[in-house]
Structures are given as C-alpha cells and as structure tokens.
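Close look at the chain arrangement
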Amino acid sequence: MFARVLKIFGIVALCAVFMFGAVEFWVYKNREKIFRNVQEVVNENLNGKLEVADFKFRPFYGGLGLNFTLSGVKLTDSLYQIHQKPFLEAEQIHVALDLKGFYKGDIRIKNLILQNGNLRLFVQKDGYSNLSIFKSQKDKKDKKKSDGNSAIMEKLGNLRFINFGVSYGDSVKQKFYGAIFRDVTNIITLTDSATNANLNGSVYFNGLTFKPKKGGFLVNQETTLAVALAYDEEAKTLKIYPSILESATHDKIGINGEFDFSDTIRTFTLNFEAKNIAVKNALPLLTAKVSRQIDSIGIQTNVDTQVKVKGQLSGEQPRVDVYFITDKFEYNLPVGVMRNMQAEGVFTNQGDTTKLSGPSNSRLTAPKITGMFETIPFSLGLVVNDFLNPKAKLDGRIEADSTNLGQLLDPAKYRFKNGTAKIDFHFNGSLKNFYDPVKDRFNGKLWGKASLNNISMDYLPRQVHLKQIKGDLTFNESAVVLPDLHFFDGQNMLYVRGKLIDLIPYLFGSPKPLRAQVDINIPNWQLNWLENLLAQRTSRKNTTRKKLRLSELLDDAIDKMEIVAKLDSKTLKYRHFTAKDVKGQFTIKNNAVSIEYFVMKAFGGGNVRVSGEMDNSGVGLPHLFIRGKIVDADVHSVFYSFDNFGQKTFTHENLKGILTTDFNFESRLNNNVKLVPSSMKGLLRINLINGYIINFEPFMKMKRLIFKKRNFERVKFATIHNDFKLNGQEIEIPPMEIESNVVTLYIDGIYSFAKKTDINIQIPLSNFKKRDSTYVLDPNNEEKKDGSKIYLRAIDENGEVNIKLAFRKKRDKDKARREDEAVQDTLQK
C-alpha cells in the first residue's frame, strides 16, 4: 500500500516538473518578447529613458520561476542631457515575475533586487525635479481610475537593496538626505485599506540635513533598521509603526509616528525613544553644532530620553518636546568636582504656546538636579529660556555638616568637629556668558543666604581654633553681607557685622582686589592672635588658578583680601598689657596690619592713642612701626606692659611717676612677637612728673662711693622733660639735669641694652650740703650747674653697670678726633 502511494506521488511530481519545464522552455524562447512587455509597462509610467546593457533569463536564480537579471541599467529623466544626473543606475537588477498574473497578461514583480547602484532624486534651484520622470495624473487621464498613482506599487512585491545608494537633494528648501543600503529587504504587502512595508537591514547614512548651517543628523553613521510602514491611499496618511534604529554602538532608538498628506498643510508627528544611551554615543547621531554645544558642557553619562516632534512638512519649524533622565555622572568645576549628579527634566522649543517654535522660544526645565559637590549634598532646579541667548533661572540648596566640610576644604588645613551649614542660592541671568571676564561682571543677578549653626573649626596652618560659629550671611553677585555673625576663639566671644566685597567675582577670576569692611565687638578681649598672624609663612607653589581646589582658592582669597575693621572692646589684655574702652580701626592687607588709630585707657588710667603698621609680608622678620601719644600714664605700668622693652637693667620695679610722651618706635619682631633689640629705632619725647627710682642698682653702687647716708633706695625727681633717641640697643641721652631729693646730677651718654652703657655723670659739689626730708627740689639752678663738680662714669663691665670716678668728663669722640687732627695740622705747618 505504501509503495503504491509513493508511486502516485512520484508520477504527480514528474508531471509537475515536466509542465514547469515546458513553461520555462516557452519563457526562454520568448524572453525577448517578455522583456519588451516589461519595458513597455515601465515606460508607460515614465517621462524618460530606460537603458539596459544586458538581459538574461535565469530560471534557477533564487529558485525556479520567471527570473530575469538586468545588467548595466540606467534610467534618466527628460532633461538628463542638461544636468547629467541619472535618476537610477544599477550594476544589476534581479527581477522575479509572478506566474499567476503572467499568463493572464497582468505582469507583477514578485521580487526585485537592486545591486551596486544609486537612486538620485533632486530639486534644482529653478524648481525642476527629476521626479517628473513619473508621468503626471494629466498624462494618465485616459487610464482607468484603478491604474492611478498606486499602479506601480500594486505591481511590485518584495524589494531588496544590496550596496545601493539613495539620495535626495532639494536646492530650493536646502534639504539633503543620503544613505547607502548595505543589505536591506523591504517586504511589501497590500490590504484593502493600505500598502504595508517592512524595511529591515543595515544602512549607512551619509546624513540627513534639514538646515545646512546647523549640519546634518546621522552623518557618516552605520545603522541597522527595522522599520514598519503603512500608507493609506484613501486617507492619505503614512504611519510608522513602532520601529528600531540601532546605531554602530548597539544603542537602540525607538521610532514611531504619522504623516498626514490629506490636505496642503501636511502635518506629521514623530516619536523617538532611547534607553540608557551614552551621551558620547548619541553625539555622533546629532548635528555637528548641537554635538559641539553638548560636548563643550563636558557631561559624560547615560540618558533615558523620549522625543516628540510635531509640525508641518513645509512652513514653520515643528514643535519638539524632549523628556530626559540621566544616570549618575561627574562634572568638573575650577573649584572642585560635582559627583553623583543626576538630572531629570523636559525641553521644548515652544515654551510660550502663543509664539512660534524656535530657538528663541525654547525652554529647558529641570526641576530636580541632585548630587554632591565634592562631599557635600546639593539639589537645584533649573529653567533655561531662549537658546539663542540663553537666560537661566537657578534655585538651589547646599547642606553640609562637620562630616563632609573638612573633605571639601582640605582636611590637612581645616578640621571641623561639629555644626551644620546651609546655603540657599538663586541666579537669574545669562547662562552662556555667566561671568564676563572682559567687562568683569556677572550677566545677571545672583543672590542667596548661608546659615551657620554651631560650627567648630580648626585652621591648622595658623593654629586658629574657632567654636560656636553661628549666624546668617546674605550675598549677591557683588557682596557678602554679615548682619550678625558670632564665634568663640578659645578665649573671646567675637561679634562681627560687615560685608565682603567682590568675593564671588574673585572666585570666578575677577582681577578686582578683595575687600572686607567689618565691625568687630569683643566685650572682654584676651588678645591671642598676634602670634598666629605674625607666624612664619609657609611658601606655596604658584599654581594656575584654573587648577586650584576650593580650599586653595579660599586660602589665596584670604591672603589677598584687604580687611578694614573697626574694633570695640570694653577690656583688652595681652600678656602684661591691659586696657579698657578700646576703640580703633585697622586694615589687614597682604598679611600686614595697618593701624589707622587705636584709643584706649591704659597704664593706670592714662589716655593712649596709637597708629602704625605691623608687616608680615613674608620678606624677613615681621616689622613693627608705631606712632603714638600717652597722656598721664603710670610709668611703672608702661614698663611692665611692654616687658621692660626687652632689657633687665632698668625695670618696672625701679620706676614710679606720671608719664606723658610722644613717641615713634620701630622694630623687627620674632615669631613669638618679641622685639628684636638690634633692630629697634625710635624717638621718645617724655615729660615725667612725680618720678621715683626705687632700688636701682647703679644708684646703690653710687651710694657706696658718696652720700652714704642719703636715701638712694627711693629717689624722688623733679619733672624730667627731654628727648631720647633709640638706635638698636642703645639710647642716646642728651645732656640733662636730674634734680632729686638725694642728689643733683647732670648726665649724658649712651644707655645700652647690650653691655655698652657709657654715661657721664656730673655731681655738683653743692650736693654736699645737707639734704634731708625737708629738702625742696630746685631744678634748673644755674649756680649748681656752673659750680665745681665731681665726675663719674657709669660703665658696663661684663654685664654689670659700675660707677667709677673720672678726672674729667669724657670727651665726645668725634669732637676729640677733630681736636687731635687740628693739633697735627698745626705741627705740620
């Protein structure tokens, strides 16, 4: 039974092969006639010329059937001789005819393969298009309605393009499209309502250019397409069903949309979607101008995006709406790195729906941008309007605490122990030229507020320790205002009000000098910052500003800032110095302090006014220069307050009296804020009343020589008024009278802090008259001055000042030299 079935099938198959072979033989015998029939069908729909170099019947190419191969195909329009651009060129075209319709005279192309060629469509500047190769409706008015515009599509089956280029250029509208179909198959199916096409394969895009000035999309890009289309002839609509364009980097872009050709407006809608596409992979798909703009921002991340384009094929620019959300990314700023940033937002080129779409009406809205500035979290909202001249509205907040502030500012210099900081900031202005370095200004308004709450900070290079930092700061593009800032420096509570001028411009590269104007109130001031201010400065390499981190930039700003401060303190204490009702104004610039004035009550109730400078610019030791006036001061307190001016011979324990003085004084200071004696210079004009010298060792030595019964332990003086010059460690004492209750002296010479004391002492013989407690001081008595005297010399010997008898007053060295030279000249003559 099974053998019989096989035999029957064999007979049927043999008959089918015989019949098909007969058909093929007939086709082969009539191939020329068939080709001419096909050519006639084509020419019926063309205004041009079709040239074919060779024609072959290939029954076994692609399977048994009516298969033909055309070689050297060239199709030209009627004006080809003028413009010399073929409409179509193909090395080979493979055609498979549908057998069903063939025997009925209805020739249909089952499969069509175009290989190694080009299809060129164009519109010239005069409006002529080679699409005129297809006959117009007027030329086909005698044909039946069923043979209308869809005639070719109805006769065409599946298409395949192998290494086949397609281009379109419109010189009137300046639009240019081009692609090479590496290997693309287009399957065409017909339904009652539409013609459907499924295009699949690899395509190399030369570019899609809508505006030459902006460049083209998909320029020189390899892609893989899977596109589904449907054209409804009755409704005149072209639909793009969900389709995929895959780039060379294997990023997939979803595409769908609809084109409406039912009237002259010809509207369209296109939707694009991409998931997790890298910015660096998306840039080559965009125009060169857009790609450069996005790349210049320097953001490298992955993005999910949805794009909707809606408009008209001719006329106004279509509306574009974009939704995006980024993956986390980093962004480098001159002052640090913004880390773990993430942004979500929308873009539209029709921000104002009452106006036309376009760059000037574009708007970007990103209500939620989050991340970390170095280690500090931030969030901000951004709105950008007008992409021709972008205007931005920015609202943001930064919140920090002691765990991340130190890392932000450099933990090797700054140490934060507790507290929080919050900054709210806003900007409204130009985004493209946020800061204009040429005009040195911000193109917009910047403002905000910073709140500091109970922060403790150590500035390690200067050993500055601040606690309880609390207050609000407001700022704009030109100033930072401190309405009420207070902190504790370890010994003092400081209350600061004022403003910092041009700090924010400086951080963006402004050459303007930084200035601060502050009022400082310290109720009870334990002065403890001089050592830190005058400490030796550490050298720092000259680093390009663009590479500075925020902490280095702030350090540089602090070093270069000019601070003008007014000071108010009820009490002041520094080492042995105490004062009250202190008021003053000083300027700190380039690590130097310039004192405009300081007034206070000091030295036992005296009135003090000083001015001067303390310079620690980094060249040599710090330098001090002071000018001042002291009225009615306790001289004992003066010497005690200034540590006896660095010497131990004549100390505060040896002095009493009321001092009024004008003085100029300068000296180098060591890093412990101690005077360097060898560098001291000055002029002291004194008026000392009710003066006493108590237990002064040189006087005690004098007592052992003369006037052994007088009270040299407590010597009272008449008013002393004289000028003294200080040079190094030596004080020049001009001739002066010292009228006291124990002795009247006339002295001059050098008092030295460096073991070089040499003072002439003249004691009038009138001193031998009795002086007891009833003696009345009698200064400026000419009889005493002109009378006979005893001469003594106070000389430093091995660190001790000893008083010795002298036979005459020691001559002035210069005067003695001149007298000796005169004697020698006389002898020579």
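These remarks concern the structure in this document. Please read all numbers here as calculations on a predicted model, not as lab measurements.

Here is what the cut-offs are and how they apply
- Residues numbered from 1 in each chain as written.
- Predicted model: local features only at pLDDT ≥ 70, side-chain atom pairs only at ≥ 80, totals over all residues.
- Heavy atoms only, no water.
- Patch = residues over 30% accessible without salt bridge, like charges linked within 9 Å, V, L, I, M, F, W, Y side chains within 5 Å.
- Areas by Shrake-Rupley, 256 points an atom, 1.4 Å probe, with all protein chains shown as cover.
- Salt bridge = Lys/Arg side-chain N within 4 Å of Asp/Glu carboxyl O.
- Lys, Arg positive; Asp, Glu negative; His and termini not counted.
- Charge placed at Lys NZ, Arg CZ, Asp CG, Glu CD.
- Helix = DSSP H or I, 4+ residues; strand = E, 2+ residues; numbered from the N terminus.
- Core = buried A, V, L, I, M, F, W, Y, C linked by side-chain atoms within 4.5 Å.
- Buried < 20%, exposed > 50% of the residue type's maximum accessible area, 1.4 Å probe, protein only.
- Contact = heavy atoms within 4.5 Å.
- Phe/Tyr/Trp six-rings, centres within 6.5 Å; stacked < 30°, edge-to-face > 60°.
- Lys NZ or Arg CZ within 6 Å of the ring centre and 35° of its normal.

Further remarks concern a positive patch on the surface. Together, Lys-211, Lys-214, Lys-289, Arg-292 and Lys-432 make up a positively charged patch on the protein surface. For Lys-211, the location among the structural elements is in strand 7 (residues 195–211).

On the surface, a cluster of negative charge is contributed by Asp-778, Glu-782, Glu-783 and Asp-786. Here Asp-786 lies in helix 14 (residues 782–786).

With that settled, the discussion passes to unusual backbone geometry. In this structure, His-250 is a non-glycine residue whose phi angle is positive, near 65 degrees. Along the polypeptide, His-250 turns up in the loop between strand 10 (237–247) and strand 11 (252–260). If you check the backbone angles, Asp-632 has positive phi at about 55 degrees while not being a glycine. Mapped onto the fold, Asp-632 is located in strand 33 (residues 623–634).

Turning to the nonpolar core, a few remarks are in order. Counting 117 residues, the largest nonpolar core has Met-702, Phe-712, Ile-761 and Ile-763 as the members making the most contacts within it. In this structure Ile-763 touches Met-702, Ile-706, Phe-707, Val-743, Thr-744, Leu-745, Ser-788, Lys-789, Ile-790 and Leu-792, once residues within four positions along its chain are discounted.

Another point: the packing of aromatic side chains. Taken as a whole and assessed by the stated rule, the structure comprises ten aromatic pairs. Aromatic pair Phe-577 and Phe-603: ring centres 5.6 Å apart, planes at 65 degrees, arrangement edge-to-face. Residue Phe-577 is located in strand 30 (residues 577–589), and its partner Phe-603 is located in the loop between strand 31 (592–602) and strand 32 (606–615); the two are separated by 26 residues in the primary sequence. Relative accessible area serves as the criterion here: at 14%, Phe-577 is assigned to the buried category. The interplanar angle of 10 degrees and the centroid separation of 6.2 Å between the aromatic rings of Phe-586 and Phe-598 together place this pair among those described as stacked. Placement of the pair is Phe-586 in strand 30 and Phe-598 in strand 31, with a sequence separation of twelve residues. Neither residue differs from the other here; Phe-586 and Phe-598 are each classed as buried. Cluster of aromatic residues (ring-pair linked, three or more members): Phe-161, Phe-164 and Phe-181. The side chain of Lys-85 reaches across the aromatic face of Phe-122, ending 5.0 Å from its centre. A cation over an aromatic ring shows up here: Arg-714 above the ring of Tyr-692, its NZ or CZ 4.5 Å from the ring centre.

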